[in-house]
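Residues per chain are reported as follows:
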Amino acid sequence: MFDVKKIRKDFPLLDGTKTVDGKPLVYLDNGATTLKPRQVIDAEVKYYENIGANIHRGDYELAYNADVAYSEARRKVAKFIGADDKEIVFTSGTTMSLNMVAYGYSKKLNKGDVILIDVTEHASNVLPWFNIAKEKGVEIRYIPLNENGEVTLENLKKVLTEDVKLVSITQVSNVLGYVNDIKELARLAHEVGAVFVCDGAQSTPHMKVDVKDLDVDFFVFSGHKLCAPTGIGVLYGKYDLLENMDSMLLGGGMNNTFNILGEFSYLPTPTKFEAGTPNIAGAIGLGAAIDYLESIGMDNIEAYEKELKQYALERLKECPNVTVYNSSSTTGIIDFNIEGVPAQDAGSHFNHYGVCVRTGEHCAKLLHNYLHVDSTVRCSLYFYNTKEDIDALIDAAKEGGDFLDAFFN
Ligand SMILES: Cc1ncc(COP(=O)(O)O)c(C=O)c1O
């Protein structure tokens, strides 16, 4: 049984004592990062209190215990997204994972090749490709969006030619919240022999993901968006692709041999990509976050967030001064503006009511050209939010009239 009141008790920041500008905290910025349950905080602390040693180095008991805990975390991640353990590389987050793929593929792409993206993508899924384009003379081509701002199969087909070598698309847009049909998009990309990269930063926290079923070549996400610590993330890749890709990071822990002539060889995947001391506590915390999410159930999380989103959309209709840009998307992201109020000022206004929302371009600067607005307010829900949280957002939005007066006076 999904019991949000019980769930909220697990989150220290939701214990009812925390305030923002003197008002009870209403946290609606989960697209940026999520709050952490006690179970995750405890798992990290337990590593520091009881293990503390580095991995892949020592021959003493604590070092062995660190290896076991780190490997166990990798196993949990692999099972969570339907991969094999050896296909899971721990990184610092989505941004690092995408840069690692871009670095690896910068060596495989040639002048005249095409990379396909679309204008809803986050900066992390745009700028690494821009860099390759500049260095290698590769063309960046955009999949046109439909009138809602969605990536469709028909539109992919319009730009998918034989010279497309790589397609990189988000599963869920961090601004509009549409869920892309990744399985079919990847199938089409594969028909022309392109490699398919999926940005799962905004999907993995909210729905069941099975990378084998999706048949994507690479899949990336960040721990901190699914209740895990910051500074830990995942790069999944099909084993053969990872084995045939160079590592962006070189150093201790990932090499098999090196000699005075400057020759070196890699350890096998995934170790070859994890140079240096990794975020061991973060990986263990990610394992604990996955246990936590699975104890609630990803299907329950998705269903509950859909229900909350519908409630929020219905209530927002009471605010004639609010324009919602993505009312047809089903995930827990609501992107809107209050008439005549710059988004950043609206953010400060919500803060005054204890409500934390994100404002600005949300790192998707290409999209705002498409929407013809400079910036928007983003409310992003998670499974610990309640209808009362949404009521607080609506109450604050309804006060927008007074705020508008204050703004223009
Ligand atoms: C869709 C998407 N991709 C990539 C990122 C980058 O994630 P991180 O900052 O954790 O690397 C984000 C973060 O908001 C995102 O929403």
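In this convention, every chain numbers its residues from 1, walking through the sequence in written order. Given that the model is predicted, a residue must reach a pLDDT of at least 70 before its local features are reported, and side-chain atom pairs must reach 80 or more before they are shown or counted; all residues, however, enter totals for whole chains, interfaces and linings.

### Focus: the sheet that holds strand β16 (residues 358-360)
Right, so step 1: One requirement defines pairing of two strands: DSSP has to find at least two bridges between them. Secondary structure elements are defined from DSSP: runs of H or I of at least 4 residues count as helices, runs of E of at least 2 residues count as strands, and each element is numbered from the N terminus. On the basis of which strands lie adjacent, the open sheet formed by four strands has the order β13-β14-β17-β16 and antiparallel pairing. A single partner strand is all that each edge strand has here, and the edge strands are β13 (322-324) and β16. Across the sheet, the axes of successive neighbouring strands diverge by a mean angle of 30 degrees, strand direction being ignored.
Right, so step 2: Relative to strand β14 (residues 333-338), β13 runs antiparallel, the two being bridged by three bridges. Residue V324 lies in a different strand from β14, and its bridge partner there is F336.
Right, so step 3: Throughout, a residue-residue contact means that the two C-beta atoms, derived from backbone geometry, are no farther apart than 7 Å. Every axis corresponds to a line fitted to the C-alpha atoms, with the helix fit spanning only the stretch in contact, and the corresponding angles, defined between N-to-C directions, vary from 0 to 180 degrees. Against the sheet, helix α12 (residues 343-352) touches β14, β16 and β17 (376-380), its axis set at about 160 degrees to β16.

### With respect to the site of the ligand
Right, so step 1: Any residue whose C-beta atom, as placed from the backbone, lies within 6 Å of a molecule or strand is termed near it. The environment of the ligand is made up of G93, T94, T95, H122, S124, N125, T170, N174, D199, A201, Q202 and S222.
Right, so step 2: Note on residue categories: nonpolar means Ala, Val, Leu, Ile, Met, Phe, Trp, Tyr, Cys or Pro, charged means Asp, Glu, Lys or Arg, and polar means any other residue, Gly included. Residue composition of the shell around the ligand, grouped by class: one nonpolar, 10 polar and one charged.

### What about helix α7 (residues 182-191)?
Right, so step 1: Residue burial here comes from a neighbour count, namely the number of other C-beta atoms, placed from the backbone, that lie within 10 Å of the residue's own C-beta, with 20 or more meaning buried, 12 or fewer meaning exposed, and in between meaning partly exposed. Within the span of α7, buried status applies to I182, L185, A186 and A189. The arc that holds the buried residues of α7, viewed along the axis, is 95 degrees, so those residues lie on one side.
Right, so step 2: Against the buried residues of α7 lie α6 (153-159), β7 (164-170), β8 (195-199) and α8 (211-214).
Right, so step 3: Once α7 finishes, G193 follows within two positions and takes phi at roughly 80 degrees, a positive value. When we speak of the arc, we mean the arc of directions from the helix axis to the C-beta atoms.

### Some points on the pairing of strand β6 (residues 139-142)
Right, so step 1: Two strands pair when backbone bridges link them, and strand β5 (residues 114-117) and β6 are joined in this way by four bridges, in the parallel orientation. What sits directly across from I115, in β6, is I140.
Right, so step 2: We call a crossover right-handed when, viewed with the strands running away from us, the connection from the first strand over the helix to the second turns clockwise. Taken together, β5, helix α5 (residues 127-136) and β6 constitute a β-α-β crossover, and its handedness is right-handed.

### Details of the domain arrangement of the protein
Right, so step 1: Where each domain begins and ends is defined by an automated method or by a domain database. For the protein, the assigned domains read domain 1 (4-29 + 297-408) and domain 2 (51-294).
Right, so step 2: Taking only C-alpha atoms, the centre of domain 1 and the centre of domain 2 are 29 Å apart.
Right, so step 3: Contact with domain 1, which involves 22 residues of that partner, is made by 20 residues of domain 2.
Right, so step 4: Elements represented by at least two residues in the side of domain 1 that touches domain 2 include exactly α11 (298-316), β14 and α13 (365-371).
Right, so step 5: If one sorts the elements of the side of domain 1 that touches domain 2 by residue count, α11 sits on top with five residues.
Right, so step 6: Grouping the constituent residues of the side of domain 1 that touches domain 2 by class yields nine nonpolar, seven polar and six charged.

### Digging into the sheet that holds β7
Right, so step 1: What the seven strands build is an open sheet, ordered β4-β10-β9-β8-β7-β5-β6; its pairing is mixed. Strands at the two margins of the open sheet, each flanked by one partner only, are β4 (88-91) and β6. Within this sheet the neighbouring strands show an average axis-to-axis angle of 20 degrees, counted without direction.
Right, so step 2: Taken together, the four bridges between β4 and strand β10 (residues 233-237) define a ladder with antiparallel strand orientation. Within β10, the residue paired with F90 across the bridge is V234.
Right, so step 3: Contacts between helix α3 (residues 61-81) and the sheet are confined to β4, β9 (218-222) and β10, with β4 contributing the most and set at about 115 degrees to the helix.
Right, so step 4: Taken strand by strand, α7 contacts β7 and β8, and its axis lies near 155 degrees from that of β8.

### Quick notes on the environment of K36
Right, so step 1: On the secondary structure map, K36 appears in the loop between β3 (26-27) and α2 (38-50).
Right, so step 2: Apart from the residues within four sequence positions on either side, K36 is in contact with I41, C227 and P229.

### Side note on the packing of helix α4 (residues 94-106) against α5
Right, so step 1: Between α4 and α5, the least distance of the axes is 9 Å, while the angle of their chain directions is 20 degrees. Between α4 and α5, the crossing angle belongs to the class labelled roughly parallel. When the axes of α4 and α5 are compared, the crossing they make is right-handed. Residue-level contacts link L98, N99, A102, Y105 and S106 of α4 to P128, W129, N131, I132, E135 and K136 of α5.
Right, so step 2: In terms of residue class, the contact of α4 with α5 is built from six nonpolar, three polar and two charged. Oblique is the label for every angle not falling under 35 degrees (roughly parallel), over 145 degrees (roughly antiparallel), or within 65 to 115 degrees (roughly perpendicular). What makes a crossing left-handed is the near helix being turned counterclockwise from the far one by less than a right angle; a clockwise turn instead makes it right-handed.

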